[in-house]
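Letter by letter, the chains look like this.
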Amino acid sequence: MLKVLVTVIVGLMITKMVQSEREVDGILGSKKTVRVENDLTNGISVFLHCKSKDDDLGEHVLQNGQYQEWRFRDNIVHTTLFWCAMRASNVQSSFDVYSYKADSALCDQCNRSLRNDGLYFYNQYENKWEKKLSWNIQSF
Ligand SMILES: *[C@@H]1O[C@H](CO)[C@@H](O)[C@H](O)[C@H]1NC(C)=O
């Protein structure tokens, strides 16, 4: 009887320790959302393939107005990095779509817009679009 009780209590303590470790993780890493939208004119499709060191989000085809969105937590050591390869009409490019160092202070909802003249990131706290990369996507 006593042995069973001790086993249960030790079991509960271990469970509790594991839980509090997760809570610490939760406190240190805030939840982020990245959304990448095709805002190109003339019905140009975007082929988008985004990854981090640990996750391959796969290749997605976005029509005008469509977007890809995903959620994650910044890791504790602040090295979170997602990047994408992109193809649209005459342009092929790759870019960091979210990095802790560059973006963690600028957004929780991190909207990105693919436009004919370049890549834009939304600065949530200053309420403005900022151009990150220039290209010239043309329709033929
Ligand atoms: C991000 O984009 C969505 C869809 O356009 C919009 O509803 C949302 O308000 C945007 N969020 C921010 C912070 O810009």
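Since the model is a prediction, treat every value here as computed from it, not as a measurement.

Caption draft 1: Just the layout of surface pockets, in detail. What the largest pocket holds in volume is close to 250 Å³. Taken together, 14 residues line the largest pocket, and the ones lying closest to its centre are S52, D54, N75, T80 and L81. Mapped onto the lining of the largest pocket, the elements with two or more residues apiece are β4 (67-73) and β5 (81-88). Top element by residues in the lining of the largest pocket is β4. It accounts for 4 residues. A class-by-class count of the residues in the lining of the largest pocket yields 5 nonpolar, 4 polar and 5 charged.

Caption draft 2: Spotlight on the environment of Y120. Locating Y120 in the fold gives a position in strand β8 (residues 118-123). Take Y120: its relative accessible area is 12%, and that puts it in the buried class. Each C-alpha atom, one on Y120 and one on K131, is 4.4 Å from the other, the two residues being 11 residues apart in sequence. In contact with Y120, not counting residues within four places along its chain, are N111, R112, S113, R115, W129, E130, K131 and K132.

Caption draft 3: Spotlight on the sheet that holds strand β6 (residues 91-99). In spatial order, the strands read β3-β2-β5-β6; together these 4 strands make up an open sheet with antiparallel pairing. Whereas interior strands pair on both sides, the edge strands pair on one side only; in this sheet they are β3 (56-62) and β6. Each strand axis lies, on average, 15° off the axis of its neighbour in the sheet, ignoring direction. The pairing of β5 with β6 spans 8 bridges and is classified as antiparallel. Bridge pairing links A88 to V91 in β6.

The rules behind the values
- Residues numbered from 1 in each chain as written.
- Predicted model: local features only at pLDDT ≥ 70, side-chain atom pairs only at ≥ 80, totals over all residues.
- Heavy atoms only, no water.
- 1 Å grid on protein atoms, 1.4 Å probe; cavity = no way out; pocket = protein on both sides within 12 Å on 5 of 7 lines; lining within 4 Å.
- Points joined across faces, edges and corners; volume = space filled by probe spheres on them.
- Helix = DSSP H or I, 4+ residues; strand = E, 2+ residues; numbered from the N terminus.
- Nonpolar A, V, L, I, M, F, W, Y, C, P; charged D, E, K, R; others polar.
- Buried < 20%, exposed > 50% of the residue type's maximum accessible area, 1.4 Å probe, protein only.
- Contact = heavy atoms within 4.5 Å.
- Pairing = 2+ DSSP bridges.
- Axes fitted to C-alpha atoms, helices over the stretch in contact; angles between N-to-C directions.

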